[in-house]
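Chain by chain, the residues:
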Amino acid sequence: MVSSDQTLPLPWLAQSLSQALATARSHALLVQGPSGVGQLDLALLLAQSWLCEQPTQSGERRGWACGQCASCKLFGSHTHPDFMLLVPEALREQIGWGADSEPGKDGEAKASKTKPSREIKIDAVRGLLSFAQATSARGRAKVVVVYPAEALNTVAANALLKTLEEPAGLLRFVLASSASESLLPTIRSRCQPVPLGLPDKAPCLQWLQEQGVEGADVLLAAAGGRPQEARDWFEAGLRATAWQQLPQRLARGEAAALSDWPQARAIDALQRLCHDLLRVTHGAEPTYFPKASLPQPKLAAPLHMWEASLRQSARHAEHPLNTGLLMESLFAQGQAALREASPRRANA
Ligand SMILES: [Zn+2]
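Residues numbered from 1 in each chain as written. Predicted model: local features only at pLDDT ≥ 70, side-chain atom pairs only at ≥ 80, totals over all residues. Heavy atoms only, no water.

1. Thoughts on the pattern of salt bridges
Stage number 1. This structure, assessed with the given rule, holds ten salt bridges.
Stage number 2. Among the salt bridges present, the one from Glu53 reaches Arg138, with a minimum N-O distance of 2.7 Å. With Glu53 in the loop between helix H2 (39-51) and helix H3 (70-76) and Arg138 in the loop between helix H6 (122-133) and strand S3 (142-146), this residue pair connects regions lying 85 residues apart in the sequence.
Stage number 3. Of the residues examined, Glu53 reaches a relative accessible area of 28% and is grouped as partly exposed.
Stage number 4. Here Glu307 ties to Arg311 by a salt bridge, and the two come within 3.9 Å at their closest N and O atoms. Here Glu307 pairs with Arg311, and both are found in helix H14 (residues 301-315), just four residues apart, close to one helical turn.
Stage number 5. The class for Glu307 is partly exposed, based on a relative accessible area of 26%.
Stage number 6. Judged by its relative accessible area of 42%, Arg311 falls in the partly exposed class.
Stage number 7. By sharing partners, the salt bridges in this structure join Glu229, Asp268 and Arg272 into a single network. (Salt bridge = Lys/Arg side-chain N within 4 Å of Asp/Glu carboxyl O. Helix = DSSP H or I, 4+ residues; strand = E, 2+ residues; numbered from the N terminus. Buried < 20%, exposed > 50% of the residue type's maximum accessible area, 1.4 Å probe, protein only.)

2. What to know about the packing of helix H11 (residues 227-235) against helix H13 (residues 263-281)
Stage number 1. Across the interface, H11 lies against H13 with an axial gap of 13 Å and an inter-helix angle of 125 degrees. Our classification of the angle between H11 and H13 gives oblique. Like other packed secondary-structure pairs, H11 and H13 cross with a definite hand, here left-handed. For the pair H11 and H13, contact is made by Glu229, Asp232 and Trp233 and by Arg265, Asp268 and Arg272, respectively. (Axes fitted to C-alpha atoms, helices over the stretch in contact; angles between N-to-C directions. Parallel < 35°, antiparallel > 145°, perpendicular 65-115°, else oblique. Left-handed = near helix turned anticlockwise from the far one by under 90°. Contact = heavy atoms within 4.5 Å.)

3. Considerations on the nonpolar core
Stage number 1. Ranked by internal contacts, the top residues of the largest apolar core, which has 85 residues, are Leu46, Phe83, Trp243, Leu258 and Trp306.
Stage number 2. Taken domain by domain, this core gets at least three of its residues from each of domain 1 (11-195) and domain 2 (239-345).
Stage number 3. Formed by 27 residues, the second largest nonpolar core is a distinct cluster that contains Val144, Leu152, Leu171 and Leu183. (Core = buried A, V, L, I, M, F, W, Y, C linked by side-chain atoms within 4.5 Å. Domains from an automatic or database assignment.)

4. Regarding the coordination of the zinc ion
Stage number 1. Those donors, Cys52 (SG), Cys66 (SG), Cys69 (SG) and Cys72 (SG), are the protein atoms that reach the zinc ion, and they lie 2.3 to 2.4 Å from it.
Stage number 2. Angles of 101 to 117 degrees at the metal separate the four donor atoms of the zinc ion, which places the site in the tetrahedral class.
Stage number 3. Along the chain, the residues donating to the zinc ion are arranged with the sequence spacing C-x13-C-x2-C-x2-C. Taken together, the positions of Cys52 in the loop between H2 and H3 and Cys69 in the loop between H2 and H3 put the pair 17 residues apart, joining distant regions of the chain. For the pair shown, Cys52 and Cys69 are each scored as buried. (Donors = N, O, S within 2.8 Å, 3.2 Å for Na, K, Ca; no water. Tetrahedral: all angles 85-135°; square planar, octahedral: opposite > 155°, others 65-115°.)

5. Structural notes on the pairing of S3
Stage number 1. The element S3 is largely enclosed, with a buried count of five among its five residues.
Stage number 2. Side chains Lys142, Val144 and Val146 project from S3 onto one buried face, and the interleaved Val143 and Val145 project onto a second face that is buried too.
Stage number 3. As defined by bridge partners, strand S2 (residues 83-86) adjoins S3 across four bridges and the pair is classed as parallel. Opposite Leu86, over in S3, you have Val146 as the bridge partner.
Stage number 4. For the crossover that starts at S3, traverses helix H7 (residues 154-165) and ends in the parallel strand S4 (residues 171-177), the hand is right-handed. (Pairing = 2+ DSSP bridges. Right-handed = clockwise from strand over helix to strand, strands pointing away.)

6. A look at helix H15 (residues 323-341)
Side chains of residues three or four places apart in an α-helix project in the same direction, reflecting 3.6 residues per turn.
Stage number 1. The end-to-end C-alpha distance of H15, which contains 19 residues, comes to 27 Å, matching closely the 27 Å that a straight helix rising 1.5 Å per residue would cover.
Stage number 2. When we look at burial in H15, the residues that qualify are Met327, Leu330, Phe331, Gly334, Gln335, Ala337, Leu338 and Ala341. Looking straight down H15, one finds its buried side chains confined to an arc of 165 degrees; they lie on one side. Along H15, the residues that are exposed and aim more than 90 degrees away from the buried face are Leu325 and Glu340. (Expected span 1.5 Å × (residues − 1). Arc of directions from axis to C-beta.)

7. Considering the packing of H14 against H15
Stage number 1. In contact at an axis separation of 8 Å, H14 and H15 are set at 165 degrees when each is read in the N-to-C sense. As judged from the angle between their axes, H14 and H15 are roughly antiparallel. Here H14 runs over H15; the crossing is left-handed. Seen from H14, the contacting residues are Pro302, Leu303, Trp306, Ser309, Leu310 and Ser313; seen from H15, they are Leu326, Leu330, Gln333, Gly334, Ala337, Leu338, Glu340 and Ala341.
Stage number 2. In terms of residue class, the contact of H14 with H15 is built from nine nonpolar, four polar and one charged. (Nonpolar A, V, L, I, M, F, W, Y, C, P; charged D, E, K, R; others polar.)

8. Let's talk about helix H12 (residues 240-251)
Stage number 1. Of the residues making up H12, those classed as buried are Ala240, Trp243, Leu246, Pro247 and Leu250. Looking straight down H12, one finds its buried side chains confined to an arc of 105 degrees; they lie on one side.
Stage number 2. Buried residues along H12 sit in contact with helix H10 (216-222), H11, H13, H14 and H15.

The structure is reproduced here in structure tokens:
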């Protein structure tokens, strides 16, 4: 949220926040773009600013929340009666908004010990419908943030649509999605788009260093320029040196290089490596790995075969049959592809 001295949790969002506040004409905004750059954070900043009772009146921070008023304090403690956050159960704890802070939610869901859902379900949207009909407790606005919007299952999306079509007086929405093309077209068409692209490198590096991330420049590139993803990778144990060594360890067939990683992330890493190796064969600059860390393959065809296997495995990564064997096999295929793609080693 906007703090009392008006600093932002993610400094690169300043311009997007000012711009969205200045240009918002619809009662529903859709923040869209890549993940890992602060979509939810921007949505929450917008909500806080609309609810704030003393927003900044002029200057670059026009419309920003003050961070000090009663409304901002309620927002900061996740107890604002005019705010509702719709996120999948599986995400709620992770982002620091425990189940208690959801208005209109009783203890039922907590009592059942089922696995938390990755979808936003109809029950949550029903809670939203009664929230939408109630009058605003503090008389300024009522705001609903939906994140990630693609997590709405079809029934929930259809139920939400009705409220999006006929919003009651002070109700505003911010949806955020990194897969906006997969949303129902009827939902998309009712929202004003707010594009949020990759931020500039400098503020990201500074933020990562403040978060204690070592090797920030390597990890930011590894994450494709997405700072939150770089931070998550670091927190999950990825180190810049391990990343830089991955291409050579692939060349040597050391599948242990990825053995500590969750399968989906390991496959993702190999896909990035394959992508960069392909770029090198075309004489282009790599995206995710430092150029000096990469072998210099000459032929693209063997790498394309590996790319296809990786893509297929990525599709099933959520349902692993045998993680260890699959990773060894993908690694061996990668090593073989790299050898074939580097003809000067053919006579070795
Ligand atoms: Zn305020």
